[in-house]
Structures are given as C-alpha cells and as structure tokens.
Amino acid sequence: MVDHDWTVESIRPWVVHCVEAFGPDRVMFGTNWPVDILFSTYLRQIDAYRMILATEGSSRADQEKMLYRNAEHFYRI
C-alpha cells in the first residue's frame, strides 16, 4: 500500500529481504484484499511474488512453502 505504482522490480528488495531475514520455513505471502484491488489484480500480485522467488533461486519446494504450505500448517487448514 506504500507504493501504488509498484512493479516487480520495485517490490523485489522487500521480498528478498523478508526471505533472507526469516527463511522459507517462516515466510507467508498474502494480500490486503479487497483494498489492493485499487492498485492491482490479485493474479498480478501473486505472479509478482512467484516471479521474484523463481528468479532469486528459491527451489520449487521452498516456493510452495512460502506461497501456501506454511499458511496451511500455521492455520491448520
């Protein structure tokens, strides 16, 4: 919500820092829906996270953890 005109490259430092600081076992991605619809589609936002994780060298297993498995475990769903 800080950067209404965000791009993959403008949010990359934030994503990389979080993964480096907390590790793939503790990171969960989310959105601020429905407020975020003012600035992006849900698909565009999630695709940006996926693109950053893939290009930063996260394994498929680590990407799955950060994008949904950690949340499934934490929320017991």
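Residues numbered from 1 in each chain as written. Predicted model: local features only at pLDDT ≥ 70, side-chain atom pairs only at ≥ 80, totals over all residues. Heavy atoms only, no water.

**Q** Can you break down the overall build of the protein residue by residue, with the values?
**A** In terms of regular secondary structure, the protein is built from 3 helices and 0 strands. Starting at the N terminus and walking to the C terminus, you meet the elements of the protein as α-α-α. For 77 residues, the compact-globule formula gives about 11 Å, and the C-alpha radius of gyration of the protein, at 12 Å, lands near that figure. Principal-axis analysis of the C-alpha atoms places the extent of the protein at approximately 30 × 25 × 20 Å. Expressed as a percentage of its 77 residues, the buried residues of the protein come to 29%. At a minimum sequence separation of 6, the contacts of the protein that also span at least 24 residues come to 66%. (Helix = DSSP H or I, 4+ residues; strand = E, 2+ residues; numbered from the N terminus. Rg over C-alpha atoms; globule rule 2.2 N^0.38 Å. Buried < 20%, exposed > 50% of the residue type's maximum accessible area, 1.4 Å probe, protein only. Contact = heavy atoms within 4.5 Å.)

**Q** Tell me what's going on with the layout of surface pockets, and back it up with residues and numbers.
**A** By rolling a water-sized probe across the atoms, one finds the places where empty space is left. Its boundaries defined by the atoms lining it, the second largest pocket holds a volume of some 280 Å³. Where the lining of the second largest pocket is concerned, the elements lending two or more residues are helix 2 (42–55) and helix 3 (60–75). With 5 residues, the single largest contributor to the lining of the second largest pocket is helix 3. (1 Å grid on protein atoms, 1.4 Å probe; cavity = no way out; pocket = protein on both sides within 12 Å on 5 of 7 lines; lining within 4 Å. Points joined across faces, edges and corners; volume = space filled by probe spheres on them.)

**Q** Please give an account of the side chain of Ser40 that cites residues and values.
**A** Along the chain, the position of Ser40 falls in the loop between helix 1 (8–22) and helix 2. On the accessibility criterion, Ser40 (8% relative accessible area) is buried. Setting aside anything within four residues of it in sequence, one finds Ser40 in contact with Trp6, Trp33 and Gln45.

Interpretation in functional terms is not warranted from these geometric data alone.
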